[in-house]
Amino acid sequence: MAMRLIFLGPPGAGKGTQAQIISENHQIPHISTGDILRAAVSQKTPLGKQAKDYMNRGELVPDALILNLIQDRLSYEDTANGWILDGFPRNVNQAAFLSELLAKLDQNADFVLNLEVPDEVLVSRLLERKRKDDNEETIRRRLEVYHQDTVPVINFYQQRDALKTIDGDRTMEEVADQLNEAISSGF
Ligand code: ADP
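Residues numbered from 1 in each chain as written. Predicted model: local features only at pLDDT ≥ 70, side-chain atom pairs only at ≥ 80, totals over all residues. Heavy atoms only, no water.

With that out of the way, let us pick up the sheet that holds strand β5 (residues 163–167). Spatially, five strands are ordered β2-β3-β1-β4-β5 in an open sheet, and the strand pairing comes out parallel. Each end of this open sheet is capped by a strand with a single partner; those strands are β2 (30–32) and β5. When the angles between neighbouring strand axes are averaged without regard to direction, this sheet yields 20°. By the bridge criterion, five bridges tie strand β4 (residues 111–116) to β5 in an arrangement that is parallel. Looking at the pairing, L113 lines up with K164 of β5. Packed on one face of the sheet, helix α2 (residues 33–42) meets β2 and β3 (82–86) and runs near 65° to β2. (Pairing = 2+ DSSP bridges. Helix = DSSP H or I, 4+ residues; strand = E, 2+ residues; numbered from the N terminus. Axes fitted to C-alpha atoms, helices over the stretch in contact; angles between N-to-C directions. Contact = heavy atoms within 4.5 Å.)

The contact between helix α1 (residues 15–26) and helix α8 (residues 172–185) brings their axes to 10 Å, and the two run at 50°. Looking at the two axes, α1 sits oblique to α8. Where α1 crosses over α8, the handedness of that crossing is right-handed. Between α1 and α8, the contacting residues are T17, Q18, I21, I22 and H26 on the first element and M172, V175, A176, L179 and I183 on the second. (Parallel < 35°, antiparallel > 145°, perpendicular 65-115°, else oblique. Left-handed = near helix turned anticlockwise from the far one by under 90°.)

Turning our eyes to something else, we now look at the site of the ligand. In the vicinity of the ligand there are 18 residues, among which T33, R38, E59, G87 and R90 approach most closely. Note that a nitrogen atom of the ligand is positioned 2.9 Å from one of the side-chain N or O atoms of Q94. The separation between an oxygen atom of the ligand and a polar side-chain atom of R129 is 3.1 Å. Relative to its unbound accessible area of 550 Å², the ligand is 96% covered by the protein chains. (Near = heavy atom within 4 Å. Polar contact = N/O pair within 3.5 Å; in protein donor to acceptor, adjacent residues only side chain to side chain. Areas by Shrake-Rupley, 256 points an atom, 1.4 Å probe, with all protein chains shown as cover.)

By the definition in use, this model includes one aromatic pair. Ring centres 5.1 Å apart and planes at 85° place the aromatic pair F156 and Y157 in the edge-to-face group. Accessibility assignment for this pair places F156 and Y157 in one class, buried. (Phe/Tyr/Trp six-rings, centres within 6.5 Å; stacked < 30°, edge-to-face > 60°. Buried < 20%, exposed > 50% of the residue type's maximum accessible area, 1.4 Å probe, protein only.)

Have a look at this one:
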């Protein structure tokens, strides 16, 4: 049976790591808009050239770029078995677009997983990570953007889908176990 998961959470919550584990366990593609955008930037594609400055400032890339990208990605053959979305949707407009797109495809997200981690923990994790866009200023900006644009997405899903919040301020193994339990319980 196909399994479709949406993974929400702030930058540095550990979504990427956990999504990868779930992707392997359930044999579904891990679709990370951040990874796709970083690949586009390093390959200097038209998308990458347009996205780069926004990413370096810690701002969201304009929806016009992201919505095309996700529509395209969800039409690949490897999505027949489902998917796990990581980093999308990041604002309510993206969430509404996804709902419409899925309705057209006659699909539905099975679960929305929301990983919660306090801001001060996120800042220190992101400072340790040292990705190119991880300096203190852009980290603060990404967190602001998260609170302003992405937290409302939690509400959006709370009202229409099965949403489960998991405490992400624990070891990687503990978080993986909690997520696994949530998924197998079917919440
Ligand atoms: P993080 O979880 O650390 O914020 P991501 O890899 O998810 O990192 O995203 C990195 C950057 O890519 C974001 O700061 C943003 O500029 C851009 N980005 C990723 N996904 C989206 C999206 N759905 N909408 C707009 N911008 C996005």
